Amino acid sequence: MAEELRRIQLPLTPELAKTLHMGDNVLLTGTIYTARDAAHERMTENLKKGIPLPFDPKDATIYYVGPTPAEPGKVIGSAGPTTAGRMDKWAPEMISLGARGMIGKGKRSASVIEAVKKYSGCYFGAIGGAGALLAKHIKKCRLIAYEDLGPEAIRELYVEDFPVTVIIDCEGNDLYKSGRAEYLKLHNEKKQ
Amino acid sequence: MRDIDVSVITDEIEKMCMHANRHLPKDMQEGIKACRACEDGPIACTILDQIIDNFQTADKEEVPICQDTGMACIFLEVGQEVHFTGGALYDAINEGVRRGYTKGYLRKSVEADPIRRGNTGDNTPAMITVDIVPGDKVKITVAPKGFGSENMSALRMFKPSAGLQGIKDFILETVENAGPNPCPPIVVGVGIGGNFDHVALAAKKALLRPVDSHNPDPFYAALEDEMLEKINELGIGPQGLGGKTTAIGVNIETLPTHIAGMPCAVNISCHVTRHETEVI
């Protein structure tokens, strides 16, 4: 597993995604979009009615986050990842539209992993519960849609050196399975 | 009787909601540091370093530790000699939550209806539990609870024949199913006994205890230690990426129960397990 940090400039093209491997620690710079459950539901419902997404999904990265409100003079409040699995219902459709990057925490379904493989995407893990630290890497924040959803509104963020780990790469490798298996293998070898 | 104006409760809860969300309790800080000291894998160490950096940053800069500032779980132990004046107690509690979450720039995470949704905009209503106790004091505990971990909790109505082994298996199964989702290293609150509703509350109250504390009954204290060891053998590790520390602590609370049953509730909580208490 790579120890050194690699800097990545977004957007996440399929060519770029193909260079990312499970376990890589990377720093993301560029524009990303926030969306949680309610926003995903509304976006996909709107698509059925022919209403386009509030952002261009081509090579976009979606950050599953509902930040705390920004205090005066600050860009954003605390902003760590929410549990990504809740977005599994909608993620394959979003990936198929081009939004191939996802930032969250926690397990993903087989259909999401399949979509990541098929469309050359990437699921990045950020440290859950580290919202105070992660917010420091968010340099701009602009509400672009669904203001009525409050913390679940869609925001366009500009991030610099945002620290994430590649959890699921476009070959379908899953660090939650491999990382734990590797630890247990080493641990059990030590025991013997 | 001792008269207490409910505005005192409002003011206290306002302050506590803000403070609890910015300052991780000392027992949790020490528990996480102890996890860091025993880990040797590079991934687990890096993650724990960042988790420690995060709560220290929140503490110093007075910002929320986590963006999920939770539902406000408010526990009151009210001395039976207390007479509340100046308004309704529950309204006063909710006003404290409303002010604390608004003035403190905390996230408003409460939906007015479970099916039809709709954010209430001020994080009310709080989840309120009131117990009547002897005396003329009021003990207030504020425990903001995030839902990444709440969603991974479970309750099962065991029959007595399931025995201690059934309980042990259920605790491990719940932690296994949770995997990386509840932001490990976690705190595991376990309720055993009572009935359907009281067992869940017992599990929640177990999370209010300091993470390094033990059940006063040596039998359950030993079970807490045994389960912590077994959970940490699962290898889930910090953030689920593998490691020795899946849990920081296991707290068990029990209740007498019915001849036909042995309910068990497992309330999972993240590494940002917040609780603070004041006595008025």
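Residues numbered from 1 in each chain as written. Chains lettered and ligands numbered in written order. Predicted model: local features only at pLDDT ≥ 70, side-chain atom pairs only at ≥ 80, totals over all residues. Heavy atoms only, no water.

## Some words on the environment of Tyr90(B)
All names here are of chain B. Examined against the element boundaries, Tyr90 turns out to sit in helix α4 (residues 89-103). Taking the C-alpha atoms as reference points, Tyr90 and Val130, 40 residues apart in sequence, are found 9.7 Å from one another. In this structure Tyr90 touches Ile128 and Val130, once residues within four positions along its chain are discounted. (Helix = DSSP H or I, 4+ residues; strand = E, 2+ residues; numbered from the N terminus. Contact = heavy atoms within 4.5 Å.)

## Description of the nonpolar core
Counting 79 residues, the largest nonpolar core has Leu28(A), Ile103(A), Phe124(A), Phe162(A) and Ile32(B) as the members making the most contacts within it. Not counting residues within four places of it along the chain, the set of residues in contact with Ile103(A) comprises Leu28(A), Ile32(A), Thr61(A), Ile62(A), Tyr63(A), Tyr64(A), Tyr123(A), Phe124(A), Ala126(A), Phe162(A) and Val164(A). Grouped together as the second largest cluster of nonpolar side chains are 24 residues, Ile4(B), Val97(B), Leu106(B) and Ile280(B) included. (Core = buried A, V, L, I, M, F, W, Y, C linked by side-chain atoms within 4.5 Å. Buried < 20%, exposed > 50% of the residue type's maximum accessible area, 1.4 Å probe, protein only.)

## Some thoughts on the pattern of salt bridges
Residues and elements named next belong to chain B. Inspection of the entire model under this criterion finds 36 salt bridges over all chains. Of the charged contacts, one joins Glu224 and Arg209 as a salt bridge, the two residues approaching to 2.9 Å between their closest N and O atoms. Of this pair, Glu224 sits in helix α8 (residues 218-232) while Arg209 is found in the loop between α7 (196-206) and α8, placing the two residues 15 residues apart along the sequence. Look at Glu224 and you get buried, because its relative accessible area is 1%. Here the salt bridges do not stand alone but share partners, grouping Asp11, Glu14, Glu95, Arg98, Arg99, Lys103 and Asp122 into one network. (Salt bridge = Lys/Arg side-chain N within 4 Å of Asp/Glu carboxyl O.)

## Brief notes about the sheet that holds strand β5 (residues 138-145) of chain B
Residues and elements named next belong to chain B. In space, the four strands of this open sheet follow the order β4-β2-β5-β10, with mixed pairing throughout. Each edge of the open sheet carries a strand with a single partner, namely β4 (127-133) and β10 (276-279). Across the sheet, the mean angle from the axis of one strand to that of its neighbour is 15 degrees, orientation sign disregarded. Here strand β2 (residues 71-79) pairs with β5 via eight bridges, running antiparallel. From the neighbouring strand, Phe75 faces β5, where its bridge partner is Thr141. The strands touched by helix α1 (residues 6-22) within the sheet are β2, β5 and β10, with β5 carrying the most contacts at an inclination of about 40 degrees. Of the strands in this sheet, β2, β4 and β5 are in contact with α4, which crosses β2 at around 140 degrees. (Pairing = 2+ DSSP bridges. Axes fitted to C-alpha atoms, helices over the stretch in contact; angles between N-to-C directions.)

## Some remarks on the interface of chain A and chain B
Taken residue by residue, the interface counts 39 residues in chain A and 45 residues in chain B. Of all residues in chain A, Ile127(A), Arg180(A) and Tyr183(A) bury the most surface against chain B, accounting for 18% of the area lost on that side. Note that Arg180(A) and Glu176(B) form a salt bridge whose closest N and O atoms lie 2.7 Å from each other. Applying the counting rule to chain A against chain B returns 15 residue pairs in polar contact (both at pLDDT 80 or more). Elements with a minimum of two residues in the side of chain A that touches chain B: α5 (131-134) and α6 (175-191) of chain A. By residue number, the principal contributor to the side of chain A that touches chain B is α6(A), which donates eight residues. Here the side of chain A that touches chain B is built from residues that sort into 18 nonpolar, 10 polar and 11 charged. (Buried area = accessible area lost by both parts, 1.4 Å probe. Polar contact = N/O pair within 3.5 Å; in protein donor to acceptor, adjacent residues only side chain to side chain. Nonpolar A, V, L, I, M, F, W, Y, C, P; charged D, E, K, R; others polar.)

## Things to note about the packing of aromatic side chains
Following the criterion strictly, the structure yields four aromatic pairs over all chains and no others. Ring geometry for Phe219(B) and Tyr220(B): centres 4.9 Å apart, planes at 85 degrees, overall edge-to-face. Of note, Arg42(A) hangs over the ring of Tyr146(A), and the distance from its end group to the ring centre comes to 4.9 Å. Directly above the ring of Tyr123(A) sits Arg108(A), whose terminal nitrogen or CZ lies 4.7 Å from the centroid. (Phe/Tyr/Trp six-rings, centres within 6.5 Å; stacked < 30°, edge-to-face > 60°. Lys NZ or Arg CZ within 6 Å of the ring centre and 35° of its normal.)

## Observations regarding the environment of Arg42(A)
Residues and elements named next belong to chain A. Mapped onto the secondary structure, Arg42 falls in helix α2 (residues 37-48). For Arg42, a relative accessible area of 27% puts it in the partly exposed group. Sequence separation between Arg42 and Pro52 is 10 residues; the distance between their C-alpha atoms is 11 Å.

## A word on the sheet that holds strand β7 (residues 186-194) of chain B
Sheets are built from strands that pair by backbone hydrogen bonding, the pairs being arranged parallel or antiparallel. Residues and elements named next belong to chain B. The four strands lie next to each other as β6-β9-β7-β8, forming an open sheet whose pairing is mixed. Whereas interior strands pair on both sides, the edge strands pair on one side only; in this sheet they are β6 (154-158) and β8 (247-257). Taken over all neighbouring pairs, the strand axes of this sheet differ in orientation by 15 degrees on average, direction set aside. Both β7 and strand β9 (residues 262-269) contribute to a ladder of six bridges, which runs antiparallel. Directly across from Ile192, in β9, lies its bridge partner Cys264. Contacts between α8 and the sheet are confined to β7 and β8, with β8 contributing the most and set at about 140 degrees to the helix.

## Regarding empty space enclosed by the protein
All names here are of chain B. Tallied over the full model, the rule gives two cavities of 30 Å³ or more. For the largest cavity, the calculated volume is near 80 Å³. Lining the largest cavity, in full, are Cys73, Ala143, Pro144, Lys145, Lys204, Leu207, Leu208, Ser269, Thr273, Arg274 and His275. The element best represented in the lining of the largest cavity is β5, accounting for three residues. For the lining of the largest cavity, the per-class residue count stands at five nonpolar, three polar and three charged. Residues from two domains meet in the lining of the largest cavity; each of domain 1 (2-20 + 65-145) and domain 2 (148-274) gives at least three. (1 Å grid on protein atoms, 1.4 Å probe; cavity = no way out; pocket = protein on both sides within 12 Å on 5 of 7 lines; lining within 4 Å. Points joined across faces, edges and corners; volume = space filled by probe spheres on them. Domains from an automatic or database assignment.)

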